[in-house]
Amino acid sequence: MANGLLGHPKQKQDWEDVGDQYLNDLMSRCLIQMNQHYGDVFTFKMRDLIHDLSLEVSQKECKIVDCQTKTIDENVRHLSFCDDKQINVAQVFTKLKNVSTVVVLEVSKESKAIHESLVSLCVSNFKYIPALFLQGSPLTALPNSIAALKHLRELDLTNCCNIKKLPSSFYKLRRLQSLRMRGVPLMQLPVSIESLIELRYLEITIKAKKLKGSRLRSWTSLQCLVLVDCDNLECLSKEMKGLTELLHLILHGCMELNNRYHINGRLDWQEWLQKKRKPFDDLFK
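The structure presented is a predicted model; accordingly, all values stated were derived computationally and were not measured.

Draft legend 1. Quick peek at helix H4 (residues 112–125). Here H4 contains 14 residues, and its C-alpha end-to-end distance of 20 Å stays within 8% of the 20 Å for a straight helix at 1.5 Å per residue. All of the buried residues along H4 are Ile114, His115, Leu118, Val119, Leu121, Cys122 and Val123.

Dropping the structure here:
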């Protein structure tokens, strides 16, 4: 979805429905197969022959960068940094104009400087990338300059546990459709996130007792809200009742809510509100 590879939805379809259909088609043709699933997260794998063929076909568009990388094809579109050693990122980014996805995995987790350098180079060199993945990064903050990535549609900050708040410029990422911040210990829902009106998927960890938000009704495209390890969360915002497009509310490790209201896992949001609104009125404060 972030890279614009999905065909336009038909009537009464969402973009996610189109993506699901693509996955089903690939599985029905035995090109991929289900590997494992963890609640609402699914993983897939390819058979060896299909995997080898995919690598051969995509070698000019996809590149895994490590400390041995000296040059990269100028037409590369998807970069993965996957090495625990020093990477001379300045050299490998030279002349790359078509990059659309950057994934940073296992890159010197102990070295914040390397990650800061990677993010800085992404901002200065890849202003049009739609997808950036920084899972488990040791970064303590995102730079204000990240707002320059105005075409960013997907940002993954999963388990960036040293980030305590978002930069003041974050609200400028107005094209974000998917934001994953599981394991980022924010004290409260930042106002800057409330301004991201194109969000379709939000995954977040909040340490406060109440989910506050004065402009949640502006999330007119939000399909799925995932609250993860919100240990202290006792109630949700009244504004959530105005999320007319929200289909699923997923709770993982929100013990106060889970125990008090016997809520577990995935909820069909609209059906739940219609059938259980009165008994659960005190959930929204």
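Text resumes after the structure shown.
Draft legend 2. A look at the environment of Lys45. Note that Lys45 resides in strand E2 (residues 41–45). A relative accessible area of 40% places Lys45 in the partly exposed class. For Lys45 and Gln33, which are twelve residues apart along the polypeptide, the C-alpha to C-alpha distance reads 5.6 Å. Setting aside its immediate chain neighbours within four residues, Lys45 contacts Ile32, Gln33 and Asn35.

Draft legend 3. Just a positive patch on the surface, in detail. Among the surface-exposed residues, Lys210, Lys212, Lys238 and Lys285 lie close enough to one another that they form a single positively charged patch. Mapped onto the elements of the fold, Lys285 is located in the segment after helix H7 (269–276).

Draft legend 4. A look at the nonpolar core. Grouped together as the largest cluster of nonpolar side chains are 65 residues, with contacts concentrated most on Leu79, Phe170, Leu179, Ile193, Leu227, Leu236 and Met240. For this core, the elements supplying multiple residues, two or more each, are strand E4 (78–82), strand E5 (101–105), H4, strand E8 (178–186), strand E9 (201–206), strand E10 (224–228) and strand E11 (248–252). Those residues within four positions of Leu79 in sequence are excluded, and the remaining contacts are Lys63, Val65, Ile72, Phe93, Leu96, Val99, Thr101, Val102, Val103 and Phe126. Counting five residues, the second-largest nonpolar core is a separate cluster that includes Cys224, Val226, Val228 and Ile250.

What counts, and where the lines are drawn
- Residues numbered from 1 in each chain as written.
- Predicted model: local features only at pLDDT ≥ 70, side-chain atom pairs only at ≥ 80, totals over all residues.
- Heavy atoms only, no water.
- Helix = DSSP H or I, 4+ residues; strand = E, 2+ residues; numbered from the N terminus.
- Expected span 1.5 Å × (residues − 1).
- Buried < 20%, exposed > 50% of the residue type's maximum accessible area, 1.4 Å probe, protein only.
- Contact = heavy atoms within 4.5 Å.
- Patch = residues over 30% accessible without salt bridge, like charges linked within 9 Å, V, L, I, M, F, W, Y side chains within 5 Å.
- Areas by Shrake-Rupley, 256 points an atom, 1.4 Å probe, with all protein chains shown as cover.
- Salt bridge = Lys/Arg side-chain N within 4 Å of Asp/Glu carboxyl O.
- Lys, Arg positive; Asp, Glu negative; His and termini not counted.
- Charge placed at Lys NZ, Arg CZ, Asp CG, Glu CD.
- Core = buried A, V, L, I, M, F, W, Y, C linked by side-chain atoms within 4.5 Å.

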